2 protein chains.
Amino acid sequence: MKDQSINATFSCPIPITDYKNILLAHGSGGKLTNDLIRKMFLPQFHNKHLETLGDGAVLPSMDGRRLAVSTDSFVVNPVFFPGGNIGSLSVHGTVNDLAMCGAEPLYLSVGFIIEEGFPLDELWQIILSMEEAAIEAGVQIVTGDTKVVDKGKCDRIFINTTGIGAAWPDMTIGADQIQPGDHIIVSGDIARHGIAIMSVREGLEFESTIESDSASLHDLVNTMRYAGKIHALRDPTRGGVSSALNELADASGLGFVLHEEPIPIQEQVRAACEILGLDPLYVANEGKLIAFVSNEDSKYVLEAMREHPMGKDAEIIGEVVDDHPGMVVLKSRIGGTRVVDMLTGEQLPRIC
Amino acid sequence: MKDQSINATFSCPIPITDYKNILLAHGSGGKLTNDLIRKMFLPQFHNKHLETLGDGAVLPSMDGRRLAVSTDSFVVNPVFFPGGNIGSLSVHGTVNDLAMCGAEPLYLSVGFIIEEGFPLDELWQIILSMEEAAIEAGVQIVTGDTKVVDKGKCDRIFINTTGIGAAWPDMTIGADQIQPGDHIIVSGDIARHGIAIMSVREGLEFESTIESDSASLHDLVNTMRYAGKIHALRDPTRGGVSSALNELADASGLGFVLHEEPIPIQEQVRAACEILGLDPLYVANEGKLIAFVSNEDSKYVLEAMREHPMGKDAEIIGEVVDDHPGMVVLKSRIGGTRVVDMLTGEQLPRIC
């Protein structure tokens with residue numbers, strides 16, 4: 001899969017003398033839909049499965065490996081942001097969800113919902129980013145769908161990606177595998193994606209631009225699984241680290257203790273959180289994972305993570321306890337203790 | 001899978017004293033998202049894969065069978081229409097796309113994009129319809145995602161479903177299998193779905209309500225494949241029969257001759273098409289298929305179809321020829337001949 005080259009050209013292949021914006025007819029199932037598929041999607045997402053242009057794709061069997069499936073719709077606003085766009089995000093997000101299931105990502109389906117009038121040039125940039133992210137992650141985009149809705153009936157573009165992976169045979173992970181004594185590891189600095197988006201929306205300026213951490217994590221997971229016994233994985237996206245941990249505390253019936261001190265966070269991101277009145281534990285990440293690892297193995301897993309570009313700032317940030325089942329408790333830098341609850345209300349709408 | 005009972009209750013399980021409409025916070029990934037999942041989705045779409053509530057579902061291997069994958073986003077307007085709603089439609093549509101690939105539908109993922117303020121009672125009705133359609137089709141909804149966008153940023157509710165099936169081992173179908181001499185069979189009367197939707201939008205009234213034909217076709221395909229050699233299948237949804245045939249004519253490099261006389265169409269639907277100025281060949285269907293069958297086998301396949309409730313009005317409506325490659329030609333009732341081209345422009349936006 002890696003031998004595909006990026007067919008990168010930044011001018012949209014549909015001559016703009018024909019049309020330069022999406023028309024309702026691009027979603028008709030007729031001639032213009034066909035145009036869009038043949039001139040924009042196929043040349044970019046080229047692979048033999050997609051090229052059959054059937055109602056779906058027929059793929060090889062998985063040689064007895066269990067399937068993993070994950071779906072995500074992306075409605076991020078703005079569509080283009082520092083460090084990525086809705087296209088790259090939609091690939092990273094689903095690739096990561098598969099990796100968090102303990103699976104090797106293999107295939108993606110893509111469903112576009114596009115607002116009438118959306119510029120074809122921007123669609124082309126999104127497609128280029130998706131293909132680049134897919135190649136990096138070693139996944140193929142094998143089937144798709146495009147709908148166009150009338151102006152004002154959606155906000156520019158929404159993308160659903162659904163991923164199919166093959167479970168790593170030696171990996172059984174999940175909330176039910178978490179044990180008292182497990183160490184909780186985060187793969188790097190938190191809250192960057194949410195703050196990158198909010199900075200654009202709020203017009204905040206910093207010395208240097210805060211970029212989203214949006215990235216694929218499956219290769220990091222692949223490295224980690226050789227280094228030690230992993231009990232659970234979660235990517236702290238919407239609702240941030242606190243929501244991911246609360247979900248797992250609830251599902252495992254165990255208590256988690258978090259230590260504020262070692263939680264990595266960029267200085268600028270911390271400053272932005274203060275300006276915006278946000279707790280970084282609740283802010284979305286798109287290129288970070290939280291791992292629950294047996295305490296005997298955690299130092300080996302941490303070492304392996306730190307040698308990988310996606311895990312170089314990894315830290316042990318907490319442990320699993322028998323006390324306070326279902327609850328996440330933070331020990332603060334100054335020695336205090338507070339309960340970190342699940343997000344109530346909506347802090348950052350449309351972050352992904 | 002068939003032993004699941006429909007847990008049908010028509011009052012929404014989230015007490016309306018809490019809230020009766022969707023809030024932005026239902027898409028936050030926090031407490032209200034969790035509420036929605038635990039009180040509405042899980043009790044209805046109950047199965048062991050979904051209940052793990054991981055970032056995705058891990059499913060059994062397919063015993064060496066090839067996978068089929070298909071995705072579709074549904075943006076139909078109105079959300080509720082005679083004969084169905086966006087929920088049942090989103091199951092039927094993807095189940096049918098898998099069946100058209102020659103696959104047994106097994107699993108669905110579901111991605112909701114919901115507008116802030118959407119009534120929870122309507123969401124509950126949609127969920128009930130999805131589960132009913134899924135049980136009928138023998139598919140399990142194994143993973144999902146919910147996003148909420150601010151009021152005015154989408155039109156009520158959009159649903160993506162992505163389906164995974166196991167290819168029937170003895171079935172190799174596709175445009176490249178179509179041969180000159182093949183008969184073209186339609187499984188029943190055409191244009192009903194599109195007209196059902198348009199009648200609501202335009203406020204047309206007839207003696208009896210025109211109902212959508214939205215239904216799952218995989219069991220009909222399963223019956224057909226024992227009766228004779230099927231070369232290609234397509235469900236004529238957006239763009240109708242003409243667009244489906246044009247795509248296949250183009251992909252196969254062969255010519256198709258259609259006969260107007262035997263094409264089944266309800267009298268009321270024909271009348272509505274005349275009022276609305278629509279050609280029924282371009283109007284969407286959601287419970288019909290077109291099959292390309294070897295001419296030796298077509299009578300057996302037709303007989304088998306007519307014994308199935310989904311195919312009782314099946315007819316042979318045309319044949320494949322060496323002439324006029326890539327072109328679909330209609331022989332009209334009065335003996336004339338005209339080219340049936342692919343749809344240009346958009347006749348019926350947001351029909352599915």
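Attention here is on the structure that accompanies the text. Counting restarts for each chain, with residues numbered from 1 along the sequence as it is written. Written order determines the labels here, with chains lettered from A and ligands numbered from 1. The model is predicted, so local features are restricted to residues of pLDDT at least 70 and side-chain atom pairs to those at 80 or more, both for listing and for counting; the totals for chains, interfaces and linings are taken over all residues. The side-chain quantities take in all heavy atoms of the structure and omit both hydrogens and water.

Some words on the overall build of chain A
Only DSSP runs of H or I covering at least 4 residues are called helices, and only runs of E covering at least 2 are called strands; the numbering of each starts at the N terminus. Scanning chain A for helices and strands turns up nine helices and 14 strands. Atoms counted for the radius of gyration: C-alpha only. Globule rule: 2.2 Å times residue count to the power 0.38. Relative to the 2.2 N^0.38 estimate, which gives 20 Å for 352 residues, the radius of gyration of chain A is 21 Å and therefore close to what a compact globule would have. For the C-alpha atoms alone, the extent of chain A along its principal axes is close to 65 × 50 × 30 Å. Type-normalised accessible area, obtained with a 1.4 Å probe on protein chains alone, sets the label of each residue: buried when under 20%, exposed when over 50%, and partly exposed for intermediate values. Out of the 352 residues in chain A, the part that is buried amounts to 62%. Taking contacts inside chain A between residues at least 6 apart in sequence as the whole, the part at least 24 apart equals 87%. A contact between two residues is defined here by any heavy atoms of the two lying within 4.5 Å.

A word on the sheet that holds strand β5 (residues 103-115) of chain B
Paired through backbone hydrogen bonds, the strands of a sheet run either parallel or antiparallel to each other. Here we have five strands laid out as an open sheet, ordered β1(A)-β2(B)-β7(B)-β5(B)-β6(B), and mixed in their pairing. Each end of this open sheet is capped by a strand with a single partner; those strands are β1 (57-59) of chain A together with β6 (140-149) of chain B. Each neighbouring strand pair of the sheet contributes to a mean axis angle of 20 degrees, computed without reference to strand direction. Of the pairings in the sheet, the one linking β1 of chain A to strand β2 (residues 67-74) of chain B comprises three bridges and is antiparallel in character. Within β2 of chain B, the residue paired with L59 of chain A across the bridge is L67 of chain B. What makes two strands pair is DSSP finding at least two bridges between them. Every axis corresponds to a line fitted to the C-alpha atoms, with the helix fit spanning only the stretch in contact, and the corresponding angles, defined between N-to-C directions, vary from 0 to 180 degrees.

Quick look at the sheet that holds strand β1 (residues 57-59) of chain B
Pairing in this open sheet of five strands is mixed, and the strands run β6(A)-β5(A)-β7(A)-β2(A)-β1(B) from one edge to the other. If you trace the sheet from one side to the other, it starts and ends with β6 (140-149) of chain A together with β1 of chain B, each paired once. Each neighbouring strand pair of the sheet contributes to a mean axis angle of 20 degrees, computed without reference to strand direction. Where strand β2 (residues 67-74) of chain A lies against strand β7 (residues 157-167) of chain A, eight bridges are found, and the strand directions are antiparallel.

Topic: the interface of chain B and chain A
In many reports, interface size means the accessible area that the parts give up when they come together. At the interface, 71 residues of chain B touch 71 residues of chain A. When chain B packs against chain A, close to 5600 Å² is buried across both sides, 57% of that on carbon and sulfur atoms. If you sort the residues of chain B by the area they bury against chain A, D55, L67 and R238 of chain B come out on top, with a joint share of 13%. The working definition used for a salt bridge is a side-chain nitrogen of Lys or Arg within 4 Å of a carboxyl oxygen of Asp or Glu. For the interface between chain B and chain A, the tally reads ten salt bridges. Across the salt bridge formed by D250 of chain A and R38 of chain B, the nearest N and O atoms sit 3.5 Å from each other. Any pair of nitrogen or oxygen atoms within 3.5 Å is treated as a polar contact; in protein, a donor-acceptor pairing is required on top of that, and neighbouring residues in sequence qualify only through side-chain atoms on both sides. If you look at where chain B meets chain A, you find 25 residue pairs in polar contact (both at pLDDT 80 or more). Three classes are used, and their members are as follows: Ala, Val, Leu, Ile, Met, Phe, Trp, Tyr, Cys and Pro are nonpolar, Asp, Glu, Lys and Arg are charged, and the others, Gly among them, are polar. Its residues placed into classes, the side of chain B that touches chain A shows 27 nonpolar, 24 polar and 20 charged. The quantity reported as buried area is the accessible area (1.4 Å probe) lost by two parts once they are put together, taken as the sum for both.

A few points about helix α6 (residues 218-227) of chain B
All names here are of chain B. Buried residues of α6: H218, L220, V221, M224 and R225, and no others. When α6 is viewed along its axis, its buried side chains cluster within an angular range of 145 degrees and face the same direction. Next to the buried residues of α6 lie α3 (86-100), β5, α4 (120-137), β9 (230-234), β11 (290-293) and α9 (298-306). Here, the arc refers to the directions that run from the helix axis to the C-beta atoms.

Considerations on the packing of aromatic side chains
Only Phe, Tyr and Trp rings take part, Trp by its six-membered ring, and two of them pair if their centres are within 6.5 Å. Stacked means planes under 30 degrees apart, edge-to-face means over 60, and tilted covers everything else. For the structure shown, the criterion picks out seven aromatic pairs over all chains. Between F41 of chain A and F112 of chain A, the aromatic rings sit 5.1 Å apart at their centres with planes inclined by 5 degrees, giving stacked as the arrangement. Placement of F41 of chain A in helix α1 (residues 31-44) and of F112 of chain A in strand β5 (residues 103-115) is noted, with a sequence separation of 71 residues between them. The pair F41 of chain A / F112 of chain A is uniform in exposure class, with both members buried. Consider the rings of F41 of chain B and F45 of chain B, whose centres lie 6.3 Å apart with planes at 5 degrees: the pair is stacked.

Structural notes on the pattern of salt bridges
Overall, the coordinates contain 40 salt bridges over all chains when judged by the stated rule. Where K147 of chain B meets D72 of chain A, a salt bridge forms, and the shortest distance between an N and an O atom there is 2.8 Å. You can see K147 of chain B sitting in strand β6 and its partner D72 of chain A sitting in strand β2, one on each of two chains. As far as burial versus exposure is concerned, K147 of chain B and D72 of chain A are alike and both buried. Beyond isolated ion pairs, a larger network of salt bridges with shared partners links D72 and R238 of chain A together with D145 and K147 of chain B.

Thoughts on unusual backbone geometry
That bond from N77 of chain A to P78 of chain A is cis: its omega, 5 degrees, falls within 30 degrees of zero. Here P78 of chain A shows up in the loop between β2 and β3 (80-81). Phi at A191 of chain A takes a positive value of approximately 75 degrees, unusual for a residue other than glycine. For A191 of chain A, a relative accessible area of 0% gives the class buried. For R156 of chain B, which is not glycine, the phi dihedral falls at a positive 75 degrees. Inspection of the secondary structure puts R156 of chain B in the loop between β6 and β7 (157-167).

A look at the environment of A57 of chain A
Within the fold, A57 of chain A resides in strand β1. Separated by 150 residues in sequence, A57 of chain A and E207 of chain A place their C-alpha atoms 47 Å apart. If near-sequence neighbours (up to four positions away) are discounted, A57 of chain A is found in contact with H49, V142 and T143 of chain A together with L67, A68, V69 and C101 of chain B.

As for the pairing of strand β8 (residues 183-186) of chain A
All names here are of chain A. Pairing of β8 with strand β11 (residues 290-293) involves four bridges; the strand directions are antiparallel. Across the sheet, residue H183 finds its bridge partner in β11, namely V293. As paired elements, β8 and strand β12 (residues 315-321) share four bridges and run antiparallel to each other. In the strand pairing of β12, H183 is matched with E319.

Remarks on the relation of the copies chain B and chain A
Both copies of the chain are tied together by a single rotation about an axis and a shift running along it. For the pair chain B and chain A, the relating rotation is 180 degrees, the translation along its axis is 0.0 Å, and the fit reaches an RMSD of 0.0 Å. Here the transformation between the copies is reduced to the relation of a two-fold axis. Closest approach to the rotation axis among the C-alpha atoms of chain B is made by C154 of chain B, whose C-alpha sits 2.0 Å away. Most of the interface of chain B is mirrored in chain A: 100% of its interface residues are interface residues there too. We superpose the copies by least squares over the C-alpha atoms of residues that have a pLDDT of at least 70 in both of them.

Side note on the state of the cysteines
Two cysteine sulfurs form what is called a disulfide whenever their separation falls within 2.5 Å. Under the counting rule described, the total for this entry stands at zero disulfides over all chains. Take C352 of chain B: it sits in no disulfide, and the sulfur closest to it among the cysteines is that of C154 of chain A, at 15 Å.

Focus: helix α1 (residues 31-44) of chain B
Residues and elements named next belong to chain B. With 14 residues, α1 extends 19 Å between its outermost C-alpha atoms, agreeing within 8% with the 20 Å of an ideal straight helix rising 1.5 Å per residue. Taken together, the buried positions of α1 are occupied by L32, T33, N34, D35, L36, M40, F41, L42 and Q44. The secondary structure elements touched by the buried residues of α1 are α2 (48-51), β5, α4 and β6. The span expected for a helix works out to 1.5 Å for each residue beyond the first.

Honestly, that's just the spatial picture; any functional story needs more than this.
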